[in-house]
Amino acid sequence: MKDSVLVVNSGSSSIKYQLVDPAAGVAIASGLVERIGEPDGRITQRHGDREGEHRGAIADHAEGLRLAFAMFTEAGLDLHRAGIAAVGHRVVHGGEVFYRPTVITDEVLAEIARLSSLAPLHNPANVIGIVGAMRELPNVPHVAVFDTAFFHTLPAPARTYAIDAEVARAHGVRRYGFHGTSHEYVSGQVAQFLGRDPGELNQIVLHLGNGASASAIAGGVAVDTSMGLTPLEGLVMGTRSGDIDPGIVMHLRRSADLDIDALDELLNRRSGLKGLSGVNDFRELRRLIDSGDESATLAYDVYIHRLRKYIGAYLVTLGRVDTITFTAGVGENAADVRADALAGLEGLGIEVDPARNGAKEHVARVISTDASRVTVLVVPTDEELAIARASAALVGV
Ligand code: AMP
């Protein structure tokens, strides 16, 4: 238990947490606090083969963490005495200030709060989670690991939006990129799995979960990514539109009389697969497609079309691509998405092997043919482990 890291991922009404042994790369315990602030709050957690559940109102994040800690103590795991080396917090937006894991001081916390203007849905929740966890574990270093950090290397042409430069500067408008912890972790795993030096590899990583993003990585350094100022840009996602003509926003503001909050809700929560088909989960989408639902089929086709567009763009950005890797819920599980994303690209040296692609294994694996010039892989992501390792490294464990 000594030298373990508690990883906390705090959302607006939920907290996901995991106690990780970073050296062994295993989760010792994990849990989820849900529906904070509502009458029907819920905590579910697991420690080894023991599972626990709490139901009832949870006033705020601090109470959620307090209850979660008490449940662990009941299950024989006293986190106050467990020798936790650090608490690692996932923080969504690091702005231009934070580009590496950072020990959280009062000043750092204030800066993360200040960056809320760039991530109004995420950073305030992260701050509340940090404050709650610091109250529970005041004598342990707390570390912020930023979702944007891996992309601080984006070259100017990739990070710059072609709008009035003064306006952009005054309001911090640039491409920041998100899911960085996952893109960094997965690209590192690819190099390790292939026994190659990350500095030699040009990689495309496709993180396809409920949120989805693509990245182009040259020699271990991120050179482009599909998410932008916010996690709304780029690929079609479960409930987010990804790329749209910005003129749509003005058009709907004027002709549908939607205010900014309604537009925000439309594009973040009622668009993407859900907006087109009514469902945001790929398994449900597949069931609808199989039952002959035309809007589900269109949603799938739009999803694949956008994905292929980004793959094409990054093939050109990188010039030479060694690996294309699928990760996260959809990327790791949906063989049809992987096959369709790369279909017909034999002329570009990309050839997926149907049998390898169809195998249901949850480990890093190659799914391209032996003849394929580009190696195509599936690599499970593990953001919690990446955060735990980054936090442990920072505090010298
Ligand atoms: P994530 O955000 O990485 O947890 O991914 C969540 C998404 O992965 C879900 O919304 C599903 O759409 C998708 N997913 C999970 N399991 C499967 C599966 N077996 N087949 C297809 N999609 C899946």
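Position labels on residues start from 1 in each chain and follow its written sequence. Note on the predicted model: pLDDT of at least 70 is required for a residue's local features to be given, and 80 or more for side-chain atom pairs to be given and counted; whole-chain, interface and lining totals, by contrast, use all residues. To obtain the side-chain values, all non-hydrogen atoms of the structure were included, while hydrogens and water were left out.

In the nomenclature of an unreviewed UniProt entry, the chain corresponds to Acetate kinase from the organism Rhodococcus olei. UniProt positions are given in the numbering used here, feature names are shortened, and annotations may be inferred rather than shown by experiment. Entered under Sequence similarities (unreviewed entry) in the UniProt record, the comment concerning the chain runs "Belongs to the acetokinase family." The UniProt entry for the chain carries this comment under Subunit (unreviewed entry): "Homodimer."

A. Structural detail: the UniProt feature "binding site: Mg(2+)" (unreviewed entry) in the chain. The UniProt feature table records "binding site: Mg(2+)" (unreviewed entry) at N9 and E383. The greatest C-alpha distance among the residues just named is 10.0 Å, despite their covering 375 residues of sequence, which places them together in space. Put simply, DSSP H or I for four residues or longer makes a helix, DSSP E for two residues or longer makes a strand, and each gets a number counted from the N terminus. Counting through the fold element by element, N9 comes out in strand β1 (residues 4-10). Only protein chains enter the area calculation, which uses a 1.4 Å probe; residues under 20% of their type maximum are buried, those over 50% are exposed, and those in between are partly exposed. With relative accessibility at 16%, the residue N9 sits in the buried group.

B. Fine view of the layout of surface pockets. Volume-wise, the second largest pocket comes out at about 560 Å³. Within this scheme a cavity is a closed region of a 1 Å grid, computed over the protein atoms alone, that accommodates a 1.4 Å probe without allowing it to escape, whereas a pocket is open but has protein on both sides within 12 Å along at least five of seven lines; lining residues each have an atom within 4 Å of a point. Lining of the second largest pocket is provided by 27 residues; of these, R283, G329, V330, N333 and A334 occupy positions nearest its centre. Elements that contribute at least two residues to the lining of the second largest pocket include exactly α10 (282-290), α12 (328-333), α13 (335-341) and α14 (354-358). If one sorts the elements of the lining of the second largest pocket by residue count, α12 sits on top with 4 residues. Side-chain classes follow a simple rule in which Ala, Val, Leu, Ile, Met, Phe, Trp, Tyr, Cys and Pro form the nonpolar group, Asp, Glu, Lys and Arg form the charged group, and the remainder, Gly included, forms the polar group. Residues belonging to the lining of the second largest pocket are distributed by class as follows: 9 nonpolar, 9 polar and 9 charged. Grid points are joined across faces, edges and corners, and a volume is the space filled by probe spheres set on the points.

C. Up close: the site of the ligand. If even one non-hydrogen atom of a residue comes within 4 Å of a molecule or strand, that residue is called near it. Neighbouring the ligand are G209, N210, D281, F282, R283, A328, G329, V330 and N333. At 2.9 Å from an oxygen atom of the ligand is found a main-chain nitrogen or oxygen belonging to N210. Here an oxygen atom of the ligand and a backbone polar atom of F282 are 2.6 Å apart. Assignment of a molecule to a cavity or pocket requires that more than half of its atoms lie within 2 Å of the corresponding grid points. Placement of the ligand is best described as lying within the second largest pocket. Identification of polar contacts relies on pairs of N or O atoms within 3.5 Å, with a donor-acceptor requirement for protein atoms, meaning one able to donate a hydrogen and the other able to accept it, and with residues adjacent in sequence counted only if both atoms are side-chain atoms.

D. Local environment of the packing of helix α1 (residues 61-74) against helix α3 (residues 123-136). What counts as an axis is a line fitted to C-alpha atoms, over the stretch in contact for a helix, and the angles between N-to-C directions run from 0 to 180 degrees. In contact at an axis separation of 8 Å, α1 and α3 are set at 45 degrees when each is read in the N-to-C sense. With respect to each other, α1 and α3 are oriented oblique. Remark: the crossing between α1 and α3 carries right-handed chirality. Residue-level contacts link H61, A62, L65, R66 and F69 of α1 to I128, G129, G132, A133, R135 and E136 of α3. Here the contact of α1 with α3 is composed, by residue class, of 5 nonpolar, 3 polar and 3 charged. Relative orientations are named as follows: roughly parallel for angles under 35 degrees, roughly antiparallel for angles over 145 degrees, roughly perpendicular for angles from 65 to 115 degrees, and oblique for any other angle. In this scheme the crossing of two helices becomes right-handed for a clockwise turn of the near helix relative to the far one and left-handed for an anticlockwise turn of less than a right angle. Contact definition: two residues touch when any of their heavy atoms are within 4.5 Å.

E. Looking closely at the packing of α10 against helix α11 (residues 294-318). Here α10 crosses α11 at 125 degrees, and the two axes come no closer than 8 Å. The orientation of α10 with respect to α11, classified from their angle, is oblique. Contact residues: F282, L285, R286, L288 and I289 in α10; A296, T297, A299, Y300 and Y303 in α11. When its residues are assigned to classes, the contact of α10 with α11 shows 8 nonpolar, 1 polar and 1 charged.

F. Main features of the side chain of H61. Residue position: H61 is located in helix α1. Its relative accessible area of 5% is what places H61 among the buried residues. Each residue touching H61, except ones within four places of it in the same chain, is listed here: S10, G11, S12, S14, I15, I36, I128 and G129.

G. Molecular detail of the nonpolar core. Side-chain atoms within 4.5 Å link the members of a nonpolar core, which is a set of buried Ala, Val, Leu, Ile, Met, Phe, Trp, Tyr and Cys residues. Counting residues in each nonpolar core, the largest one holds 44 residues, and the members touching the most others are L208, Y303, I324, V337 and L342. Among the elements of the structure, β9 (202-208), β10 (212-218), α10, α11, β12 (323-327), α13 and β14 (375-378) are those that each provide at least two residues to this core. Per-element accounting of this core gives the leading share, 11 residues, to α11. With near-sequence residues (within four places) excluded, V337 lies in contact with L208, F282, Y300, Y303, I304, L307 and V330. Judged by nonpolar contacts, the second largest core, of 25 residues, contains V8, Y17, I28 and A68.

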